[in-house]
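Commentary on secondary and tertiary structure
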Amino acid sequence: MDLVSRSEWGARPYRTPSGATRYSRPRRGVKLHYLGTGYEDRPHSACAAYVRMLQASHMDGNGWSDIGYSFIVCTHGAVFEGRGLDRRNSANGSTALNEECYAVCLLVGSSGLTEPTDAQLHGARDAIDYCRAQGPAGDWLGGHRDGYATTCPGDAIYAWVKAGAPRPKSPTTKDPEPAPVKEDPAMPTVITESQAGGPELDANVYRLLRMADDTALLQGPCTYTVTTYATVRGEPGARITLRFHDLMLSAPNDPSHDLPIDVGVIGPEGVLNASATRNGMLTKDEQLKVEIRADADGARVERRVLRALRWDA
Ligand SMILES: [Zn+2]
Ligand SMILES: [Zn+2]
């Protein structure tokens, strides 16, 4: 197994005491996850930075004490140590579910790269075997969606793990750095995410409008055009505002907010379909987020949709 330790990928220290919580009993097995957002494959030299970004979004965006997963497997088959074997993960949806299974996330998206590579399946199998042998963990295998309402880990990974997580026929040797596939550099990646539910809104308080499992709409480096839609239900006449912002991962507490966009008032039927568009650029260190606000209590978001065109920078 090509294990990348926390110090090797440059993990931040986890917060105590929560991040130090140990498992209280042996694990039943292993649950697989995917990113639930757009993901583009990248050279292996960029994988550690991506794992650092995930950790930052879990700690600073979700407020968790560490990266949520036990292990993270990149498309090149390396296994990055997250919370590892002893510390309880926070990725499976509830304390009971976290206690029950290790959480292994494959760097695969819900758009862009949506199928695991053979090297990645070998890496995921390595991680499963390692959890069983060293954890210890029982032989149960499944996905985040087992016992929790989510599409995670996507259909491709779920079918594989439910088939017993067989090793692909190709050899385990790590793929060479892939030559950049640039069929047409002007062709953007099309991202569409549609999620039921959303935040409840208190009067005049901005709430993050999350897409899938992640808090960010997009991660740089890229140029983009993004439209977010939100179906809001509440008292007729309540005014809804959307606000985009860029977040530097190196300064997560200092977002650069756009001016608020007035997207209309809730109609007599008690519903507003709000949308706002933004074009821009993100550096490697930047994420794009969006927040929503109502000027009266009691409104809530029923559905969120993200449509984006993304050009790699
Ligand atoms: Zn998941
Ligand atoms: Zn990699």
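Residues numbered from 1 in each chain as written. Chains lettered and ligands numbered in written order. Predicted model: local features only at pLDDT ≥ 70, side-chain atom pairs only at ≥ 80, totals over all residues.

1. Examining the nonpolar core
We apply this condition: Here, a nonpolar core denotes buried Ala, Val, Leu, Ile, Met, Phe, Trp, Tyr and Cys residues that are linked to one another through C-beta atoms within 7 Å. Every C-beta atom is placed from the backbone, and the number of other C-beta atoms within 10 Å of a residue's own sets its class: buried at 20 or more, exposed at 12 or fewer, partly exposed in between. The helix and strand labels rest on DSSP assignments: H or I over at least four residues marks a helix, E over at least two residues marks a strand, and numbering proceeds from the N terminus. What counts as a contact is two residues whose backbone-derived C-beta atoms lie within 7 Å of each other.
Counting residues in each nonpolar core, the largest one holds 40 residues, and the members touching the most others are Val30, Val73, Phe80, Val104 and Leu106. Those elements that provide at least two residues to this core are strand S2 (27-33), helix H2 (47-61), strand S4 (71-73), strand S5 (79-81), strand S6 (101-106), helix H4 (118-134), strand S8 (137-143) and helix H5 (154-162). Ranked by residues supplied to this core, first place goes to S6 with 6 residues. Every residue in contact with Val73, bar those within four places of it in the chain, is listed here: Val79, Val104, Leu106, Leu107, Gln120, Gly123, Ala124 and Ala127. If you look at the next biggest cluster of nonpolar residues, it comprises 29 residues, including Leu201, Ala216, Val232 and Ala276.

2. What to know about the domain arrangement of the chain
Cut-off, in case you're wondering: A domain assignment, automatic or from a database, supplies the domain bounds used here. Side-chain classes are defined by residue name, with Ala, Val, Leu, Ile, Met, Phe, Trp, Tyr, Cys and Pro counting as nonpolar, Asp, Glu, Lys and Arg as charged, and the others, Gly among them, as polar.
For the chain, the assigned domains are domain 1 (3-162) and domain 2 (189-312). A straight line from the C-alpha centre of domain 1 to that of domain 2 covers 27 Å. The interface of domain 1 with domain 2 comprises 15 residues on the first partner and 15 residues on the second. Elements supplying a minimum of two residues to the side of domain 1 that touches domain 2: H2 and strand S7 (111-112). Of the residues that constitute the side of domain 1 that touches domain 2, the class distribution is 4 nonpolar, 9 polar and 2 charged.

3. Looking at the pairing of S6
What counts here: For two strands to count as paired, DSSP must find a minimum of two bridges between them.
In terms of burial, S6 is a largely internal element, 6 of the 6 residues being buried. Sheet topology places S2 next to S6; 5 bridges connect them, and they run parallel. Among the inter-strand pairings, Val30 is bridged to a residue of S6, identified as Tyr102. Relative to S6, S4 runs parallel, the two being bridged by 3 bridges. Paired with Ile72 across the two strands is Cys105, which belongs to S6.

4. Description of the environment of His122
Mapped onto the elements, His122 comes out in helix H4. Distance in space between the C-alpha atoms of His122 and Cys152 is 20 Å, their sequence separation being 30 residues.

5. Some points on the sheet that holds strand S1 (residues 3-4)
The condition that has to hold: Axis definition: a line fitted to C-alpha atoms, over the contacting stretch in the case of helices. Angles run 0 to 180 degrees between N-to-C directions.
On the basis of which strands lie adjacent, the open sheet formed by 6 strands has the order S1-S5-S4-S6-S2-S8 and mixed pairing. The outermost strands of the open sheet, each flanked by one partner alone, are S1 and S8. Packed on one face of the sheet, H4 meets S2, S4, S5, S6 and S8 and runs near 165° to S6.

6. Quick notes on H5
Selection criterion: Our arc is simply the arc of the directions from the helix axis toward the C-beta atoms.
Taken together, the buried positions of H5 are Gly154, Ile157, Trp160 and Val161. For H5, the angular spread of the buried residues around the axis is 100°, confining them to a single face. Looking at the packing, one finds that the buried side of H5 touches S2, S6, H4 and S8. Once H5 ends, the next one or two residues include Gly164, with phi positive near 100°.

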